[in-house]
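As a plain string of letters, each chain reads:
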Amino acid sequence: LGLLGDLRRALDAGDVELHYQPKVGFDGHVAGLEALVRWVHPDRGRVPPDEFIAIAESSGLMPHLTEYVLETALAQVARWRAQGLYVPVAVNVSPRDVHTPGFAGAVAARLARHGVPAGALQLEITEHVLLEDPQRAADTLAALTGHGVKMSLDDFGTGYSSLVHLRRLPVSELKIDRSFVARLAIDAEDAEIVRCTVDLAHSLGLLVVAEGVEDDETWERLRDLGCDAVQGWLVAAAMPPQETTAWLRARG
Ligand code: G
Ligand code: G
Ligand code: NA
Ligand code: MN
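The rules behind the values
Residues numbered from 1 in each chain as written. Chains lettered and ligands numbered in written order. Predicted model: local features only at pLDDT ≥ 70, side-chain atom pairs only at ≥ 80, totals over all residues. Helix = DSSP H or I, 4+ residues; strand = E, 2+ residues; numbered from the N terminus. Buried ≥ 20, exposed ≤ 12 C-beta atoms within 10 Å, placed from the backbone. Contact = placed C-beta atoms within 7 Å. Core = buried A, V, L, I, M, F, W, Y, C linked by C-beta atoms within 7 Å. Expected span 1.5 Å × (residues − 1). Arc of directions from axis to C-beta. Near = placed C-beta within 6 Å. Nonpolar A, V, L, I, M, F, W, Y, C, P; charged D, E, K, R; others polar. Axes fitted to C-alpha atoms, helices over the stretch in contact; angles between N-to-C directions. Parallel < 35°, antiparallel > 145°, perpendicular 65-115°, else oblique. Left-handed = near helix turned anticlockwise from the far one by under 90°.

**Q** Help me out: how do you make sense of the overall build of the protein chain in this one?
**A** When its secondary structure is counted, the protein chain shows 12 helices and 9 strands. Principal axes of the C-alpha set define a box for the protein chain whose edges measure 45 × 45 × 35 Å. In the protein chain, which comprises 252 residues, the share counted as buried stands at 38%. Nonlocal contacts in the protein chain, meaning residues at least 24 apart in sequence, comprise 64% of its contacts between residues at least 6 apart.

Right, here's the structure in full:
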């Protein structure tokens, strides 16, 4: 319980950091960066994001955490753009955010305040957004895409993924969960699942990103299956902002 108060204080003090993990195409181009929160607790050290995100979710702190992440990420995008680095950034949003009244307008206002075009922001959602109030979620997502913000469906294939969800959500990208990607090169069933997912996504006009790519063989299999981009430790782990800047520059 002390952790919740500590997290709230860390957000107020700006002590929660964002790291950035690249998504790259098979020709090496940088398709974007995913912002991932990192919190180093003064006594406990690094707290796993899953742990404090769960705390934020259950305590009502999530909208505040998301505002913090959006604010920090957009300030960074604006800084990169001022340096000639035009890379889109993806921010994870929780179902709670999508159900917060005024969320879409608040995102648009934040973009305007930072002078960042909507196309430079992507929001990663999961199918869980449709659990509570599907119509309201659909309205919010439609408003966001109406503003020009791109939506990405994260963790695809886990839980209760369904074609109904995929058809109903205005997303332009689908991310194949790393649980299917990890054993792709050695497990024929996982390979088949990935193949079908890529084909399905493409038939719906979506881009496909594979998460958790750790070795060359998996990279090659994904390329051969027609996947559009990959994210994973083979390319780079999530990096602090300055290291990300150096990485982007080295990439050209
Ligand atoms: O790097 P990794 O351990 O960062 O992330 C663990 C989990 O935390 C993932 O499911 C990821 O989507 C989630 N996560 C990371 N950053 C954020 C964030 O800023 N907001 C939300 N809602 N989830 C995040
Ligand atoms: O749920 P989401 O897809 O947003 O979470 C991304 C999580 O995956 C983060 O915890 C991130 O640190 C982790 N991750 C990123 N690349 C790799 C990878 O290549 N291998 C593994 N095992 N985890 C990864
Ligand atoms: Na994500
Ligand atoms: Mn994921």
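Picking up after the structure, the text goes on.
**Q** Quick question: what am I supposed to make of the nonpolar core here?
**A** Considering soluble globular proteins, one finds that nonpolar side chains tend to be buried as a cluster. Core analysis: the largest hydrophobic core is formed by 64 residues, its most contacted members being Ala-35, Ala-73, Val-89, Val-91 and Val-230. Of all the elements, helix 3 (residues 62-82) adds the most residues to this core, at 8 residues.

**Q** I would appreciate a short explanation of helix 5 (residues 103-114) in the present structure.
**A** Think of an α-helix as turning once every 3.6 residues; residues three or four places apart then point the same way. Between its first and last C-alpha atoms helix 5 spans 17 Å; for 12 residues at 1.5 Å apiece the expected length is 16 Å, and the two agree. All of the buried residues in helix 5 are Phe-103, Ala-104, Val-107, Leu-111 and His-114. The arc that holds the buried residues of helix 5, viewed along the axis, is 105°, so those residues lie on one side. Of the exposed residues in helix 5, those oriented more than 90 degrees away from the buried face are Ala-109, Ala-112 and Arg-113.

**Q** Sorry if this is basic, but what is going on with the site of ligand 2 here?
**A** The environment of ligand 2 is formed by 13 residues, the closest being Glu-211, Gly-212, Glu-214, Gly-232 and Trp-233. Of the residues contributing to the shell around ligand 2, the split by class is 4 nonpolar, 4 polar and 5 charged.

**Q** So what exactly am I meant to see when it comes to the site of ligand 1 here?
**A** Around ligand 1 sit Leu-36, Val-37, Pro-49, Asp-50, Ile-53, Val-69, Asn-92, Val-93, Ser-94 and Ala-238, and that is every residue in its neighbourhood. Elements with a contribution of two residues or more to the shell around ligand 1: strand 2 (30-41) and helix 2 (49-59). The dominant element in the shell around ligand 1, judged by the number of residues it contributes, is helix 2, at 3 residues.

**Q** Honestly, the packing of helix 5 against helix 7 (residues 134-147) in this entry has me stumped. Any pointers?
**A** What describes two packed helices is the angle between their axes and the distance between those same axes. Close contact between helix 5 and helix 7 brings their axes to 8 Å; oriented N to C, the two are set at 20°. With respect to each other, helix 5 and helix 7 are oriented roughly parallel. Classified by chirality, the crossing of helix 7 by helix 5 is right-handed. Note on element contacts: helix 7 touches helix 5 through Thr-140, Ala-143, Leu-144 and His-147, opposite Phe-103, Ala-104, Val-107 and Ala-108. Residue classes in the contact of helix 5 with helix 7 are distributed as 6 nonpolar, 2 polar and no charged.

**Q** Before we go on, may I ask you to explain helix 1 (residues 2-13) in this structure?
**A** Here helix 1 contains 12 residues, and its C-alpha end-to-end distance of 16 Å stays within 8% of the 16 Å for a straight helix at 1.5 Å per residue. In the stretch just after helix 1, Gly-14 is the one whose phi turns positive, near 75°.

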